[in-house]
Amino acid sequence: MSGTQKRLIDSAAARAEAKRLSNKVLVGGSLVAAETDATIDVIHPPTMEVIATVPRCGAADAARAVEAAAKAFPVWSRIPARERGRLIAQAADRIEAELETLSQLQTLETGHPIASQSRGDMATAVDMLRMFAGVSGELKGETVPDAQGVLHYTTCEPIGVIAAVIPWNGPVFTLSAKIAPALVAGNTIVVKSAETAPLAVLRCAEIIQSFLPPGAINMISGVGEEVGKPLVQHPAVRKATFTGSVNVGKLISQYVADKLIPVTLELGGKNPNIVMADADLALAIPGVVAGMRFMRQGQSCIAGSRILIQERIYDEVVEGAVKLMNALVVGNPFDENTEVGAIISQKQMDRIQSFVSSVKDIPGARVLCGGSPEADSSMPGRLFMRPTLIDNVPHDAPLCQEEIFGPVAVAVRFTDFEDAIRIANDSVFGLAAAMWTRDLGTAMQFAARIEAGLVQVNQYAGPRANVSYGGLKVSGLGKEYTLQSMLNHFTRSRTIQINAGLRS
Ligand code: NAD
């Protein structure tokens, strides 16, 4: 492992918290035992040690949680919107006060580095809660000019019980993006956590619940189809919101099709990060490396995993990127110096490795850095992998077309702007895209023609509160993170016309 002097964090408090949260669901206002006796082990990926077990819930637990949320709905929805916002803001303060333990909890279950990833994730989640709390007063309808004596207005109302299904890669941040707009808008919610990362989200939900009427937020754990499916299909659930893979997103849509309820889907990406020959390479080269989100081992929907480089500067950019990637510190996620932590599971590592090993079957393809799993002598697991760059791969190969969800990027050569746009848009995905150029006309042409929901020029920033986020094509349906997204996706509107019966 590359390493400087280690500064190991003592994670004892987070480990104790993991034990306290074990075998619990949050239903009806407090942590309680599940209906089921079956459990799932929660693993610390770098060491493979079991840090907790959580209930492997099924339809009975889903139904109990939905009933609790349905019971809380009339209470919570009648609290004035600005008061709801004030309570969510208080919960944000409380989460912020526990930021370090929550960050450690997330690092325990995900293997994300504490310093370069988990603390930032928590802070962004707190910001998300505060942003939605702050716009709670904007939940209002319209009045429409009408005939004299006729009052014509629209309402802006909560929908009811929301079901949210979330992934493991940025669990608390994703949780905040669902619950903040759902709750501020007056809905109640049941969240199904991801199998591998159910702990930090459970503690966050418990904190938020302590400020709300019992049952306003509920959380159950378990395997996707066993509990996620009955949850979204429950008749009392009036909206489903999902973040995860494309295939499961399609299933969620199918599960609720009969009920005809609204669905928001935030799905995968294979995002192009394009370097034009006129770019400022001092910004662009670190930009394409940072865009790969190696700080969460590339396990990010927004990772700029297709690095498109104009021929004239190709060698210079690749050489610079490899140098930076080789310098990243990989290892124990509880070491303050670590920049790249552990892959979430052996299953995910095997999937990543199958993509890397496909290189040997592609004539001319090269692994320029990284590639294989690495051991850390201080840790028994085999889930570390150095940032990997592969090139000379035809663009129709799975390496260029499929979401790998690991620390693996492909470098792709292009001739001119038209070629770059053609290659960038040659994907079923449309989540995010960036271009590095000094030419304003090129930047504007790119912005107009790239098929992606989030488009950036000369930067590759991550999602954050108040910046609209959501994919095109198979990357998703609907937007998140803004006032507009709350109004569009977490409220319903009715039109009321009242005729005063005036006689002229
Ligand atoms: P996943 O789709 O396997 O699982 C996501 C959630 O869905 C988990 O809670 C899982 O238990 C549940 N699930 C699985 N099968 C289910 C089923 N049949 N019915 C109901 N629920 C089911 O995804 P993952 O591996 O946890 O996360 C990685 C994926 O998430 C990647 O594709 C990534 O791009 C995507 N993602 C997207 C965004 C975004 O904002 N666009 C953000 C983070 C992750």
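All residue numbers refer to positions counted from 1 along the written sequence of the respective chain. At least 70 in pLDDT is required for a residue's local features to be given in this predicted model, at least 80 for side-chain atom pairs to be given and counted, and no such filter applies to totals for whole chains, interfaces and linings, which use all residues. Note that water and hydrogens are dropped before the side-chain values are worked out from all heavy atoms of the structure.

Draft legend 1. Structural context of the environment of Ala375. Secondary structure is summarised from DSSP: a helix means a run of H or I of at least four residues, a strand means a run of E of at least two, and numbering begins at the N terminus for each. Within the secondary structure layout, Ala375 lies in strand β16 (residues 373-376). Relative accessibility decides the category of a residue: with a 1.4 Å probe and only protein chains considered, values under 20% of the type maximum give buried, values over 50% give exposed, and everything between is partly exposed. Residue class for Ala375 comes out partly exposed when judged on its relative accessible area of 41%. Ala375 sits 44 residues away from Gly331 along the chain, and the two C-alpha atoms are 8.8 Å apart.

Draft legend 2. Fine view of the pattern of salt bridges. Salt-bridge detection follows one rule: a side-chain nitrogen of Lys or Arg within 4 Å of a carboxyl oxygen of Asp or Glu. Going through the model one piece at a time under the given rule, you end up with 26 salt bridges. Note that Glu49 and Arg15 form a salt bridge whose closest N and O atoms lie 2.9 Å from each other. Here Glu49 is found in strand β4 (residues 49-55), whereas its partner Arg15 is found in helix α1 (residues 12-21), with 34 residues between them in sequence. Looking at Glu49, the relative accessible area reads 29%, which means it is partly exposed. The partner of Lys178 in a salt bridge is Glu480, with the nearest N and O atoms 2.8 Å apart. Placement of the pair is Lys178 in helix α6 (residues 171-184) and Glu480 in the loop between β24 (476-477) and α16 (483-489), with a sequence separation of 302 residues. Exposure class is identical for Lys178 and Glu480. Each is buried. In the salt-bridge network here, residues are joined through shared partners; they are Glu17, Arg20, Arg94, Glu98, Arg203 and Glu206.

Draft legend 3. Seen up close, the side chain of Lys270. By secondary structure assignment, the location of Lys270 is in the loop between β12 (263-266) and β13 (272-275). Buried charged residue Lys270 carries no salt bridge. Nearest counter-charge: Glu402, at 8.2 Å. N or O atoms within 3.5 Å of each other form a polar contact, as long as, within protein, one can give a hydrogen and the other can take it, and as long as residues adjacent in sequence are counted only when both atoms are side-chain atoms. Within the structure, the side chain of Lys270 is placed 2.8 Å from the backbone oxygen of Glu402, a separation counted as a polar contact. Non-local contacts of Lys270, meaning those with residues more than four positions away in its chain, are made with Ser305, Arg306, Leu399, Cys400, Gln401, Glu402, Glu403, Ile404, Ser427 and Phe429. Under the convention used here, Asp and Glu are negative, Lys and Arg are positive, and both His and the chain ends fall outside the count. Contacts: residue pairs with any heavy atoms within 4.5 Å of one another.

Draft legend 4. Fine view of the site of the ligand. Near residues are defined by distance, with any heavy atom within 4 Å of the molecule or strand qualifying the residue. If you check the shell around the ligand, you find 29 residues, and the closest are Lys192, Glu195, Ser245, Leu267 and Glu403. Residue Leu267 places a main-chain N or O atom 2.6 Å away from a nitrogen atom belonging to the ligand. A total of 840 Å² of accessible area belongs to the ligand in isolation, and the protein chains cover 88% of it. When residues of the shell around the ligand are traced back to their parent elements, those giving at least two are α8 (224-233), β11 (237-243) and α9 (246-256). Residue burial considers only the protein chains on display, and all accessible areas are found by Shrake-Rupley using a 1.4 Å probe.

Draft legend 5. Broad picture of the nonpolar core. Of all hydrophobic cores here, the largest spans 136 residues; its most connected members are Leu183 and Ile208. Among the nonpolar cores identified, the runner-up in size contains 29 residues, and Leu231, Tyr255, Val263 and Leu267 belong to it. We call a set of buried Ala, Val, Leu, Ile, Met, Phe, Trp, Tyr and Cys residues a nonpolar core when their side-chain atoms join them within 4.5 Å.

Draft legend 6. Focus on the sheet that holds strand β6 (residues 150-154). Whether two strands pair comes down to DSSP finding at least two bridges between them. Taken together, the 3 strands give an open sheet; going across it, the order is β5-β6-β26, and neighbouring strands pair in antiparallel fashion. Edge strands, defined here as strands with exactly one partner in the open sheet, are β5 (143-144) and β26 (495-499). Sheet topology note: the β6/β26 ladder contains 5 bridges and is antiparallel. What sits directly across from Leu151, in β26, is Ile498.

Draft legend 7. Looking closely at the environment of Gln456. Positionally, Gln456 belongs in strand β22 (residues 454-457). Distance in space between the C-alpha atoms of Gln456 and Phe446 is 9.5 Å, their sequence separation being 10 residues. Sequence-distant contacts of Gln456, defined by excluding residues within four places in its chain, comprise Ala433, Ala434, Met435, Phe446 and Ala461. A polar atom in the side chain of Gln456 sits 2.8 Å from the side chain of Gln459. At 2.8 Å, the side chain of Gln456 and the backbone nitrogen of Ala461 are in polar contact.

Draft legend 8. Fine view of empty space enclosed by the protein. Definitions used throughout: a 1 Å grid over protein atoms alone; a cavity as a set of points that fits a 1.4 Å probe which cannot get out; a pocket as an open set with protein on both sides within 12 Å along at least five of seven lines; a lining residue as one with an atom within 4 Å of a point. Grid points are joined across faces, edges and corners, and a volume is the space filled by probe spheres set on the points. In the structure shown here, the tally under the stated rule is 4 cavities of 30 Å³ or more. Volume-wise, the largest cavity comes out at about 60 Å³. As for the largest cavity, its lining consists of 13 residues, and the residues nearest its centre are Gly298, Ala303, Ser305, Ile404 and Phe405. Any residue outside Ala, Val, Leu, Ile, Met, Phe, Trp, Tyr, Cys, Pro, Asp, Glu, Lys and Arg is labelled polar, Gly included; the first ten of those are nonpolar and the last four are charged. Looking at the lining of the largest cavity residue by residue, the class counts come to 6 nonpolar, 5 polar and 2 charged.

Draft legend 9. Quick look at the packing of aromatic side chains. Centres within 6.5 Å make a pair out of two Phe, Tyr or Trp rings, where for Trp the six-membered ring is used; the pair is then stacked when the planes are under 30 degrees apart, edge-to-face when over 60, and tilted otherwise. Taken as a whole and assessed by the stated rule, the structure comprises 3 aromatic pairs. Judged by centre distance (5.5 Å) and plane angle (70°), the ring pair of Phe173 and Tyr481 falls under edge-to-face. Taken together, the residues Phe173 in helix α6 and Tyr481 in the loop between β24 and α16 connect sequence positions 308 residues apart. Relative to Tyr481, the ring of Tyr469 has its centre 5.2 Å away and its plane inclined at 5°; by these criteria the two rings are stacked.

Draft legend 10. Summary view of α8. Within α8, burial applies to Val227, Gly228, Leu231 and Val232. Mapping the buried residues of α8 onto a view down its axis gives an arc of 120°, with all of them on the same face. The inward-facing, buried residues of α8 contact α2 (59-78), β8 (161-165), β9 (188-192), β10 (217-220), β11 and α9. The arc under discussion is defined with respect to the helix axis, by the directions toward the C-beta atoms.

Draft legend 11. Layout of the layout of surface pockets. The volume enclosed by the second largest pocket comes to roughly 170 Å³. If you trace the second largest pocket, you find it lined by Lys140, Gly141, Glu142, Thr154, Thr155, Cys156, Leu487, Thr491, Arg492 and Ser493. Each residue belonging to the lining of the second largest pocket can be placed in one class, and the counts come to 2 nonpolar, 5 polar and 3 charged.

Draft legend 12. Local environment of the sheet that holds strand β21 (residues 432-436). The strand order β15-β18-β19-β14-β13-β21-β22 describes an open sheet built from 7 strands, whose pairing is mixed. The outermost strands of the open sheet, each flanked by one partner alone, are β15 (366-369) and β22. Recorded for the sheet is a direction-independent mean angle of 20° between the axes of neighbouring strands. Lines fitted to the C-alpha atoms define the axes, with helices restricted to the stretch that makes contact. Angles between their N-to-C directions range from 0 to 180 degrees.

Draft legend 13. A look at the environment of Val223. Within the secondary structure, Val223 sits in the loop between β10 and α8. Judged by its relative accessible area of 24%, Val223 falls in the partly exposed class. Spatially, the C-alpha atoms of Val223 and Thr196 are 9.6 Å apart, while their sequence positions differ by 27 residues. Contacts of Val223, omitting those with residues within four sequence positions, involve Ile40, Arg56, Lys192, Glu195 and Gly228.

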